[in-house]
Amino acid sequence: MAPPKSRKIAVMGFRSVGKSSLTIQFVEGQFVDSYDPTIENTFTKNIKYKGQEFFLELVDTAGQDEYSIFPQSYSMGIHGYILVYAVTSAKSFEVVKVIHEKLLDMTGQNYVPMVLVGNKTDLHMERVVSTESGQSTANSWKAAFFEASAKENSSVHEIFQAMLYEIDKHQNGSTEKKEDCTIL
């Protein structure tokens, strides 16, 4: 069997949007309710996707704001980005758009593999960002889009699988015909 492929993924977004909650739910299968602002953590997980073993290194970044200066390390060796906002925060949605712009500037590319995630869908009464707004933003970035709830473990695994798909698609983009792509 082929050795595992390594993939390094950065999880980015405004503070308190649930970046750590999504990451820990995916890696450890539990929801962490207590909130300590993350400095930066790296989690690892082995998963099987489309018959291939992957070794994932997930960089859970400190919360960014529109004035954050990105460390160069956020572009070095990173295969893809999961950009998270909270559906309960218009500010976090605006910040994620700024993060996207800065990523493109930093990498010097007009496209990087990414998944846009609207987290905290369990807080129905507090929603201020519509699904349509998230979807149209993701479409304009050519990014995958999910709404999720780390608390309810809703769409969490799908986000990371979609991230692998986006990275794969990007790496094989010039040679792979669209018909050959399938998401499990």
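Here, the structure is the one placed above.
Please read all numbers here as calculations on a predicted model, not as lab measurements.

## Side note on the overall build of the protein
Working step 1: Per the secondary structure count, the protein includes four helices and six strands.
Working step 2: Relative to the 2.2 N^0.38 estimate, which gives 16 Å for 184 residues, the radius of gyration of the protein is 16 Å and therefore close to what a compact globule would have.
Working step 3: A total of 184 residues make up the protein; the buried ones form 47% of that total.
Working step 4: Long-range pairs, those at least 24 residues apart, make up 71% of the contacts in the protein between residues at least 6 apart in sequence.
Working step 5: As displayed, the protein offers around 9300 Å² of accessible surface, 50% of which is attributable to carbon and sulfur atoms.
Working step 6: When the 18 basic and 23 acidic side-chain charges of the protein are each reduced to a single mean position, those positions are 4 Å apart.

## Topic: helix α4 (residues 156-171)
Working step 1: Given a rise of 1.5 Å per residue, 16 residues ought to cover 22 Å, and the 23 Å separating the end C-alpha atoms of α4 matches this to within 8%.
Working step 2: Within the sequence span of α4, burial applies to Val156, Ile159, Phe160, Ala162, Met163, Leu164, Tyr165, Glu166, Ile167 and Asp168.

## Details of unusual backbone geometry
Only a minority of non-glycine residues have a phi that is not negative, and only a minority of peptide bonds are not trans.
Working step 1: One non-glycine residue, lysine 50, lies in positive phi territory at about 50°.
Working step 2: Examined against the element boundaries, lysine 50 turns out to sit in the loop between β2 (40-49) and β3 (52-61).
Working step 3: According to the relative accessible area criterion, lysine 50 is partly exposed, its value standing at 30%.
Working step 4: Despite not being glycine, serine 155 shows a phi value in the positive range, around 70°.
Working step 5: Checked against the element boundaries, serine 155 lands in the loop between β6 (144-147) and α4.

## Some thoughts on the pairing of β6
Working step 1: Strand direction decides the pairing type here: strand β5 (residues 114-119) and β6, joined by four bridges, are parallel. Within the sheet, the bridge partner assigned to valine 117 lies in β6 and is phenylalanine 146.
Working step 2: Remark: the β5/helix α3 (residues 131-141)/β6 crossover connection has right-handed handedness.

## Overview of the packing of aromatic side chains
Working step 1: This model, assessed by the stated rule, comprises three aromatic pairs.
Working step 2: Seen in terms of ring centroids, tyrosine 49 and phenylalanine 54 are 6.2 Å apart; in terms of plane orientation they differ by 55°. Their pairing is tilted.
Working step 3: By relative accessible area, which is 3% here, tyrosine 49 ends up buried.
Working step 4: Residue phenylalanine 54 is classed as buried on the basis of its relative accessible area of 6%.

## Remarks on the packing of helix α1 (residues 19-28) against α4
Working step 1: Contact pair α1 / α4: the axes reach a minimum separation of 9 Å and the direction vectors enclose 90°. Our classification of the angle between α1 and α4 gives roughly perpendicular. In this structure, α1 uses Leu22, Thr23, Gln25 and Phe26 to contact α4, whose residues at the interface are Val156, His157, Ile159 and Phe160.
Working step 2: Of the residues in the contact of α1 with α4, the class split is five nonpolar, three polar and no charged.

## Examining the environment of serine 92
Working step 1: Position of serine 92 among the secondary structure elements: in helix α2 (residues 90-107).
Working step 2: Through-space distance from the C-alpha of serine 92 to that of serine 16 is 8.8 Å; in sequence the pair is 76 residues apart.
Working step 3: In contact with serine 92, other than residues within four places in its own chain, are Phe14, Val17, Tyr85 and Ala86.

The rules behind each value
Residues numbered from 1 in each chain as written. Predicted model: local features only at pLDDT ≥ 70, side-chain atom pairs only at ≥ 80, totals over all residues. Heavy atoms only, no water. Helix = DSSP H or I, 4+ residues; strand = E, 2+ residues; numbered from the N terminus. Rg over C-alpha atoms; globule rule 2.2 N^0.38 Å. Buried < 20%, exposed > 50% of the residue type's maximum accessible area, 1.4 Å probe, protein only. Contact = heavy atoms within 4.5 Å. Areas by Shrake-Rupley, 256 points an atom, 1.4 Å probe, with all protein chains shown as cover. Lys, Arg positive; Asp, Glu negative; His and termini not counted. Charge placed at Lys NZ, Arg CZ, Asp CG, Glu CD. Expected span 1.5 Å × (residues − 1). Pairing = 2+ DSSP bridges. Right-handed = clockwise from strand over helix to strand, strands pointing away. Phe/Tyr/Trp six-rings, centres within 6.5 Å; stacked < 30°, edge-to-face > 60°. Axes fitted to C-alpha atoms, helices over the stretch in contact; angles between N-to-C directions. Parallel < 35°, antiparallel > 145°, perpendicular 65-115°, else oblique. Nonpolar A, V, L, I, M, F, W, Y, C, P; charged D, E, K, R; others polar.

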